[in-house]
Amino acid sequence: MKLVAIGRLKAGPERDLFERYAARLRPALDVVELNPSKGSAKEQKRRDAAELLGACPENALVVALDEGGKTPDSSRFAGMMSRWQESGRPVHFIIGGAEGLDRSVIERADAVISLGALTWPHMLVRVMLAEQVFRAQAINSGHPYHRTSRPDD
């Protein structure tokens with residue numbers, strides 16, 4: 001499993017929290033960090049797309065994180081994770097830069113998901129993705145980390 005992202009996660013609370021969840025994942029989540037490109041927004045997206053897709057082998061199951069993607073709840077995401085892993089293809093999560101993802105990445109992706117309608121800093125998206133992958137693994141293994149009950153009214 002791999003996370004391919006534009007930008008570098010610097011030392012600090014975001015990195016600490018990401019590493020906390022990433023350390024729990026089996027298989028491990030390898031991280032490939034790519035330098036952000038420069039130029040106009042369109043040019044940045046085009047260049048970033050080439051770098052992001054270039055980091056994914058042809059047989060990769062590409063999951064793009066994009067605000068226009070599906071917004072599964074944690075249980076549905078766990079089901080998606082299970083199917084992706086059963087495919088036998090290496091799962092590659094893609095997080096774009098500040099300008100978002102180029103259409104070529106969305107078109108190449110096998111799945112496009114969103115972490116909700118709110119806009120999140122890219123470095124926090126990494127943390128939330130690592131936590132949700134861990135949660136999905138817990139759900140799929142029957143571990144009690146995930147609670148399905150709702151508070152009483």
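Nothing here was measured: the structure is a model prediction, and the numbers come from that model. (Residues numbered from 1 in each chain as written. Predicted model: local features only at pLDDT ≥ 70, side-chain atom pairs only at ≥ 80, totals over all residues. Heavy atoms only, no water.)

**Focus: the layout of surface pockets**
Stage number 1. Here the largest pocket defines a volume of roughly 520 Å³.
Stage number 2. Lining the largest pocket are 26 residues, with Leu65, Asp66, Glu67, Gly100 and His122 sitting closest to its centre.
Stage number 3. Elements with a contribution of two residues or more to the lining of the largest pocket: strand 3 (61-70), helix 4 (103-108), strand 5 (111-113) and helix 5 (122-141).
Stage number 4. Element by element, the count of residues in the lining of the largest pocket is highest for strand 3, at five residues.
Stage number 5. In terms of residue class, the lining of the largest pocket is made up of 11 nonpolar, nine polar and six charged. (1 Å grid on protein atoms, 1.4 Å probe; cavity = no way out; pocket = protein on both sides within 12 Å on 5 of 7 lines; lining within 4 Å. Points joined across faces, edges and corners; volume = space filled by probe spheres on them. Helix = DSSP H or I, 4+ residues; strand = E, 2+ residues; numbered from the N terminus. Nonpolar A, V, L, I, M, F, W, Y, C, P; charged D, E, K, R; others polar.)

**Remarks on the UniProt feature "binding site: S-adenosyl-L-methionine" (unreviewed entry) in the protein chain**
Stage number 1. UniProt records the feature "binding site: S-adenosyl-L-methionine" (unreviewed entry) at Leu65, Gly96, Leu115, Gly116, Ala117, Leu118, Thr119 and Trp120, using the numbering of this structure. Looking only at the residues we just named, the largest pocket is lined by Leu65, Gly96, Leu115, Gly116, Leu118, Thr119 and Trp120.
Stage number 2. Here Ala117 lies in the loop between strand 5 and helix 5.
Stage number 3. Judged by its relative accessible area of 82%, Ala117 is exposed. (UniProt positions renumbered as here; feature names shortened; annotations may be inferred. Buried < 20%, exposed > 50% of the residue type's maximum accessible area, 1.4 Å probe, protein only.)

**Comments concerning the side chain of Asp48**
Stage number 1. Considering the arrangement of structural elements, one finds Asp48 in helix 2 (residues 41-54).
Stage number 2. Notably, Asp48 is buried but unbridged: the nearest opposite-charge side chain belongs to Arg47, and the N-O separation is 7.9 Å.
Stage number 3. Once residues lying within four places of it in the same chain are set aside, the contact partners of Asp48 are Ile6, Asn35, Pro36, Ser37 and Gly97. (Lys, Arg positive; Asp, Glu negative; His and termini not counted. Salt bridge = Lys/Arg side-chain N within 4 Å of Asp/Glu carboxyl O. Contact = heavy atoms within 4.5 Å.)

**A closer look at the packing of helix 3 (residues 74-86) against helix 5**
Stage number 1. The geometry of helix 3 relative to helix 5 is characterised by a closest axis approach of 8 Å and an angle of 80° between their N-to-C directions. Relative to helix 5, the element helix 3 lies roughly perpendicular. Every residue of helix 5 that contacts helix 3 at Ser74, Ser75, Phe77, Ala78, Gly79, Met81, Ser82 and Gln85 is listed here: Leu129, Gln132, Val133, Arg135, Ala136, Gln137, Ile139 and Asn140.
Stage number 2. Class assignment for the residues of the contact of helix 3 with helix 5 results in seven nonpolar, eight polar and one charged. (Axes fitted to C-alpha atoms, helices over the stretch in contact; angles between N-to-C directions. Parallel < 35°, antiparallel > 145°, perpendicular 65-115°, else oblique.)

**Let's talk about the sheet that holds strand 2 (residues 30-34)**
Stage number 1. Spatially, five strands are ordered 2-1-4-3-5 in an open sheet, and the strand pairing comes out parallel. Edge positions in the sheet fall to strand 2 and strand 5, since each of these pairs with one other strand and no more. For this sheet, the mean inter-axis angle between neighbouring strands, taken without regard to orientation, is 30°.
Stage number 2. Note that strand 1 (residues 2-6) and strand 2 share five bridges and pair parallel. When the bridges of strand 2 are listed, Lys2 appears paired with Asp30.
Stage number 3. Across the sheet, helix 3 is in contact with strand 3, strand 4 (91-95) and strand 5; its angle to strand 4 comes to roughly 130°. (Pairing = 2+ DSSP bridges.)

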